[in-house]
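# Tertiary structure, described
One-letter residues, chain by chain:
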Amino acid sequence: MTLEQLKEVAKSLGMPAFTGGQMAKWLYEKHVGSIDEMTNLSKQNRERLSEQFTIGCKAHISCQRSKDGTVKYLFPASCGTTADNSFVETVFIPDGERATLCVSCQVGCKMNCLFCQTGKQGFEGNLTATAILNQIYSLPERDRLTNIVFMGQGEPMDNLDNVLRATEVLTAPWGYAWSPRRITVSTVGLRNKLKRFLDESECHVAISLHSPMPEQRAMLMPAERGMGIREVVELLRGYDFSHQRRLSFEYIVMGGLNDTQTHAREIVKLLSGLDCRVNLIRFHVIPNVPLKEADEKRMESLRDYLTQHGLFTTIRASRGQDIFAACGLLSTAKKIEDERAQAH
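Here is a short report on the structure shown in this document. (Residues numbered from 1 in each chain as written. Predicted model: local features only at pLDDT ≥ 70, side-chain atom pairs only at ≥ 80, totals over all residues. Heavy atoms only, no water.)

## Remarks on the side chain of Gln-153
Topologically, Gln-153 is positioned in the loop between strand 7 (147-150) and helix 6 (160-171). A polar contact of 2.8 Å, which involves the side chain of Gln-153, links it to the backbone nitrogen of Glu-89. (Helix = DSSP H or I, 4+ residues; strand = E, 2+ residues; numbered from the N terminus. Polar contact = N/O pair within 3.5 Å; in protein donor to acceptor, adjacent residues only side chain to side chain.)

## Points about the pattern of salt bridges
Applying the stated criterion across every chain yields a total of 17 salt bridges. In this structure, Lys-7 engages Glu-4 in a salt bridge whose closest nitrogen and oxygen atoms are separated by 3.9 Å. Of this pair, Lys-7 and Glu-4 are both found in helix 1 (residues 3-12), 3 residues apart, which corresponds to roughly one turn of the helix. For Lys-7, a relative accessible area of 26% puts it in the partly exposed group. A salt bridge links Glu-296 to Arg-282; the nearest nitrogen and oxygen atoms lie 2.0 Å apart. Taken together, the residues Glu-296 in helix 11 (residues 296-308) and Arg-282 in strand 11 (residues 277-282) connect sequence positions 14 residues apart. In this structure, a network of salt bridges that share partners links the residues Asp-161, Arg-196 and Glu-200. (Salt bridge = Lys/Arg side-chain N within 4 Å of Asp/Glu carboxyl O. Buried < 20%, exposed > 50% of the residue type's maximum accessible area, 1.4 Å probe, protein only.)

## Concerning the nonpolar core
The nonpolar side chains of soluble globular proteins are, as a tendency, buried together. The biggest cluster of nonpolar side chains holds 99 residues, and the ones touching the most others in it are Phe-115, Ile-136, Ile-207, Leu-247, Phe-249, Leu-271 and Leu-306. Among the elements that make up this core, the one with the highest residue count is helix 6 (6 residues). Not counting residues up to four positions away in its chain, the partners in contact with Leu-247 are Val-205, Ile-207, Leu-236, Phe-241, Leu-274, Asp-275, Cys-276 and Arg-277. (Core = buried A, V, L, I, M, F, W, Y, C linked by side-chain atoms within 4.5 Å. Contact = heavy atoms within 4.5 Å.)

## Describing the sheet that holds strand 12 (residues 312-316)
In a beta sheet, neighbouring strands are held together by backbone hydrogen bonds and run either parallel or antiparallel to one another. Read from one edge of the open sheet, 10 strands run 1-2-3-4-7-8-9-10-11-12, paired in mixed fashion. Looking along the sheet, the strands with just one partner apiece sit at the ends: strand 1 (62-65) and strand 12. Here the strands of the sheet are splayed against their neighbours by 20° on average, with no regard to which way each runs. Bridge count between strand 1 and strand 2 (residues 71-76): 4 bridges; the pairing is antiparallel. Note that in strand 2 the partner of Gln-64 across the bridge is Lys-72. Against the sheet, helix 5 (residues 129-137) contacts strand 2, strand 3 (87-95), strand 4 (98-102) and strand 7, and its axis sits at roughly 35° relative to strand 3. (Pairing = 2+ DSSP bridges. Axes fitted to C-alpha atoms, helices over the stretch in contact; angles between N-to-C directions.)

Worth remembering: the numbers are spatial, not functional.
Here it is as structure tokens:
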């Protein structure tokens, strides 16, 4: 809940409005697990609250730890529109003094990108703002976080209201009070939704590119047919990314498919004049998908060409390969395990 909503709750239960501010501090500064822990509220007021509300936090049900320090958590997603046996993945990625959390916003995904395991699950439901924030609120390493990326399961623009509510809580002075520069929201590009996000949020933006060629991108990403990458780039040209807000393009490199010099030239042509960066990501094989990992030299060649032609480009280090590295693999495995258990 926002501060104003918490004040309304207080008023509706006959408490002073300032009690809403006290509740906000208990939630977003102290991260209490129960209403009973809000000790500067009277016992009577805590009882009134407990009759109608809960904190809404739920611990992870399992985790996998990589030898490189990456931890993938599986959280219940049984808040809002999803089924009770649904789960979402959250990945904690430590890197020196930096610690990034990759959060999910949906169970499954409608986008059905060829290279993504989450899309193979189909779409089960949007996460509420509660279920999105719970991935942060209930994270054991919460106090170490420096950055959050909405790059887990689901398409953020397809659940925009809840994503905006979650980022509001994360950045508001009454909430987590984070700078929006610590948060990056990714998208394939959805008409109207992307524009609304750019207008209403100051968080960084990451565009899933993966091919500069519309026909090939449509084969990899069906969303290309709804809002093409050229149209996405044209929209982005109307916004200022020259100061603190950052624009990046995510490019999963697949061997022999999108790693040629022709692709490099087309990327330069497409992004020419935009103040942005390009992140190259090695594709990791997922079941029943006929795509190959990229060769290291081809990735370096792609990076060097883009850099030489004015695009700041990095090869993102692969993390957590010894656990279930790709989005959707851990939750898919859990779902299959549960279905088999029920069948027996």
